Amino acid sequence: MKLIVIAAGIVLTGILFSACSPREEGTPKSKIMEWIISDEPPATNVKMLSKQIPRAEVPPQYVDDNATQMTAGEIDLDNDGIVERIVYTGSGNRNNSYVVLKKSGSKWIECGSLLGIDIVPVRQNGNVGIFCKTGSGYGNTSYSYHELRSGKLVELLDIRVVEYATEQ
């Protein structure tokens, strides 16, 4: 038996031309399509500060029992002048997991979570969004775009690349 995999590049090139019109250049959809074709994440144009934070500032379900501090990136995702935190909470077989926290009074509350090999914050059209890539290699990979809206992290776009195989 032989396993034949259809070349994803040919299929994706067709998707790129049919899915993105010229007026969509620079949109999350076109940036993800460029990422799929080139296998290079979008360039970030936003500074995210990395720091160690006390475990008490992270919801307990995300804290490792042995951790005294957690690693977080700080960035203003909703343009309110107050930074949100993207906290690394661990890794699985291939992807890292993160929780997004927003300051509310003296507490940090959960806005949502992210999963990805790569997470890339990018400012576009006045908003700061986060591009994520999950999976591994080229097959069975998902690319997504998220923004913080009304205090919740919202996935606005999800594109999945799946290699199809047939047996002969």
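Residues numbered from 1 in each chain as written. Predicted model: local features only at pLDDT ≥ 70, side-chain atom pairs only at ≥ 80, totals over all residues. Heavy atoms only, no water.

So what exactly am I meant to see when it comes to the sheet that holds strand S8 (residues 127–134) here?
Consider a sheet: its strands pair through backbone hydrogen bonds, and that pairing is either parallel or antiparallel. An order of S7-S8-S9-S10 is seen for the 4 strands of this open sheet, with the pairing classed as antiparallel. Two strands lie at the open edges of the sheet, namely strand S7 (118–124) and strand S10 (152–161), each paired on one side alone. Going across the sheet, the axis of each strand differs from the next one's by a mean of 20 degrees, ignoring polarity. In terms of strand pairing, S7 meets S8 through 7 bridges, oriented antiparallel. Of the residues in S8, the one forming a bridge with Ile119 is Cys132. (Pairing = 2+ DSSP bridges. Helix = DSSP H or I, 4+ residues; strand = E, 2+ residues; numbered from the N terminus. Axes fitted to C-alpha atoms, helices over the stretch in contact; angles between N-to-C directions.)

I keep staring at the pairing of S8 and nothing clicks. Help me out?
Moving residue by residue along a regular strand, the side chains alternate between the two faces of the sheet. Burial of S8 is extensive: 7 of the 8 residues sit out of reach of the surface. Counted along the chain from S7 to the antiparallel partner S8, the turn is 2 residues long, and its residue Asn125 has a positive phi close to 55 degrees. As paired strands, S8 and strand S9 (residues 141–149) are joined by 6 bridges and run antiparallel to one another. Looking at the pairing, Gly129 lines up with Glu147 of S9. (Buried < 20%, exposed > 50% of the residue type's maximum accessible area, 1.4 Å probe, protein only.)

Quick question: what am I supposed to make of the packing of aromatic side chains here?
In this description, an aromatic ring pair is defined by two values, namely the gap between the centres and the angle between the planes. All told, the structure shown has 3 aromatic pairs when counted by the stated rule. Taking the centre distance of 6.0 Å and the plane angle of 70 degrees together, the rings of Tyr88 and Tyr98 count as edge-to-face. With Tyr88 in strand S4 (residues 84–91) and Tyr98 in strand S5 (residues 96–104), this residue pair connects regions lying 10 residues apart in the sequence. (Phe/Tyr/Trp six-rings, centres within 6.5 Å; stacked < 30°, edge-to-face > 60°.)

How should the pattern of salt bridges be read in this particular structure?
Where charged atoms of side chains with opposite charge meet at close range, the side chains can pair. Scanning the model with the defined rule gives 9 salt bridges in all. Residues Arg85 and Glu57 are paired through a salt bridge, measuring 2.3 Å at the closest nitrogen-oxygen approach. Linking Arg85 in strand S4 with Glu57 in the loop between strand S2 (49–54) and strand S3 (69–75), this pair joins segments that are 28 residues apart in sequence. The class of Arg85 is buried, set by a relative accessible area of 6%. Overall, Glu57 belongs to the partly exposed group, its relative accessible area being 26%. Close ionic contact of Glu147 with Arg149 constitutes a salt bridge, the shortest N to O distance being 2.9 Å. (Salt bridge = Lys/Arg side-chain N within 4 Å of Asp/Glu carboxyl O.)

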